[in-house]
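Analysis of the macromolecular model
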Amino acid sequence: MRSVRPKKFLGQHFLRDMDIARRIADTVDACPGLPILEVGAGTGVLTQFLATKERELKVVEIDYESVAYLLRHFPSLEDGIIEDDFLGMRLERVFGGRQFMLTGNYPYNISSQIFFRVLEYKDLIPCCTGMVQREVAERMAAKPGCKAYGILSVLMQAWYDIEYLFTVDENVFDPPPKVKSAVIRMRRNSTTQLGCDWEQMRQVVKTAFNQRRKTLRNALQPLLSQMDLANAPFLQGETFGKRAEQLSIEQFVELTNLIYHEKDIV
């Protein structure tokens, strides 16, 4: 299903292994009943299998050549083919405010941005699957204490249970990427309230991991100095002698409350 030229500036790598495409499409079966939005449909390699799921399906594609190709080869989907930039879409309008699931062979150059966008709509997107660079998949599923554990791990796992499903070799793409890929599945966990302010926690997590080799006492100095807490007594606590990768999500919640509580009483 080709005739569209992959464009480097869009991060396009077209999957050409139909067995893998079918396996990716089958990941949506774990979240039955929900409408499906496919991101970066390209030439419809994944779309053709999603269309057999007997679920409402829409696809979003920013490349005009790919959109024209999809309109020619998937006429039954004409009303569900959206020519737009996923990162700028009002997702609450896609299915009339109903919950839906997201899937796709995500463009490599914006995959992290896509997942941060999912976080913005976490109550609308209870399930998300798809293929990304293996490094991104490893980071998303990583647990505290390992090298891959970082900003993406903490922020995504605060709201989603994440499964690393399988690895995909680079030789099944055109053009082959320089990295391996992996397929993941995310499902909303039971968290409804974190126990701290979300934006404050995002700031703490990002600052902590920006200098991940340093202890939190030193890594958080840019934030603490900004808040006039650079020499606060609580910095001598045990937690601040650890590095960011050693903290669980629950500990980041406690850390956020500690820092911002101190700010309020200073």
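Preceding this paragraph is the structure being described.
An account of the accompanying structure is given in this report. Keep in mind that this is a model prediction, so the values were computed, not measured.

In this section: the sheet that holds strand β9 (residues 181–188). Within a sheet, each strand pairs with its neighbour through backbone hydrogen bonds, oriented either parallel or antiparallel. Strands sit in the order β4-β3-β2-β5-β6-β9-β7 across an open sheet of 7 strands; the sheet is mixed. Each having just a single partner strand, β4 (81–83) and β7 (160–168) make up the two edges of the open sheet. Pairwise comparison of adjacent strand axes, ignoring direction, gives a mean angle of 25° for this sheet. Relative to strand β6 (residues 127–133), strand β5 (residues 101–104) runs parallel, the two sharing 2 bridges. Of the residues in β6, the one forming a bridge with Met101 is Cys127.

Of all the positions in helix α5 (residues 134–141), only Val136, Ala137, Met140 and Ala141 are classed as buried. One side of α5 carries all its buried residues, which in axial view fall inside an arc of 125°. Taken together, the buried residues of α5 touch α4 (111–120), β6, α6 (151–157), β7 and β9.

Here we take up unusual backbone geometry. Cis geometry is found at the peptide bond from Asp174 to Pro175, where omega equals -5°. Note that Pro175 resides in the loop between β8 (173–174) and β9. Even without being glycine, Glu54 reaches a positive phi, approximately 55°. Its location among the elements puts Glu54 in the loop between α2 (47–50) and β3 (57–61). Residues other than glycine seldom take positive phi values, yet Asp228 does so here, at roughly 60°. Position of Asp228 relative to the elements: it lies in the loop between α9 (221–226) and α10 (249–265). Asp228 gets classed as exposed once you look at its relative accessible area, which sits at 66%.

Now for helix α1 (residues 18–26). In an α-helix there are 3.6 residues to a turn, and that puts residues three or four apart on one side. Turning to α1, its buried residues number three or more, namely Ile20, Ala21, Ile24 and Ala25. One side of α1 carries all its buried residues, which in axial view fall inside an arc of 140°. On its buried face, α1 is in contact with β1 (14–15), α2, β6, β7 and β9. The distance from a side-chain oxygen at the start of α1 to the backbone nitrogen of Asp19 is 3.0 Å, and the residue carrying that oxygen is Asp17.

Moving on, we get to the pattern of salt bridges. Scanning the entire structure with this criterion turns up 16 salt bridges. The closest approach of N and O atoms between Arg188 and Asp123, which form a salt bridge, is 3.5 Å. Taken together, the residues span a long stretch of sequence, with Arg188 in strand β9 and Asp123 in the loop between α4 and β6 at a distance of 65 residues. Arg134 is the salt-bridge partner of Glu138, the closest N and O atoms lying 4.0 Å from each other. In this pair, Glu138 and Arg134 both sit in helix α5, 4 residues apart, roughly one turn of the helix. Of the residues examined, Arg134 reaches a relative accessible area of 32% and is grouped as partly exposed.

Definitions and cut-offs
- Starting from 1, residues in each chain are numbered consecutively following that chain's sequence as written.
- Only residues with pLDDT of 70 or above have their local features reported here, since the model is predicted, and side-chain atom pairs are shown and tallied only from 80 upward, although totals for entire chains, interfaces and linings are computed over all residues.
- Note that the side-chain values use all heavy atoms of the structure and ignore hydrogens as well as water.
- We call two strands paired when DSSP finds no fewer than two bridges between them.
- Under the scheme used here, helices are H or I runs from DSSP no shorter than 4 residues and strands are E runs no shorter than 2 residues, and both carry numbers assigned from the N terminus.
- Axes here mean lines fitted to C-alpha atoms, for a helix over just the part in contact, with angles spanning 0 to 180 degrees between N-to-C directions.
- Relative accessible area decides the class of each residue, using a 1.4 Å probe on protein chains only: under 20% of the type maximum gives buried, over 50% gives exposed, and in between gives partly exposed.
- Comment: arc refers to directions from the helix axis out to C-beta atoms.
- Any two residues having at least one pair of non-hydrogen atoms within 4.5 Å are treated as being in contact.
- Pairs of N or O atoms are called polar contacts if they sit within 3.5 Å, as long as, within protein, a hydrogen donor faces a hydrogen acceptor (for residues adjacent in sequence, only side-chain-to-side-chain pairs).
- Salt-bridge detection follows one rule: a side-chain nitrogen of Lys or Arg within 4 Å of a carboxyl oxygen of Asp or Glu.

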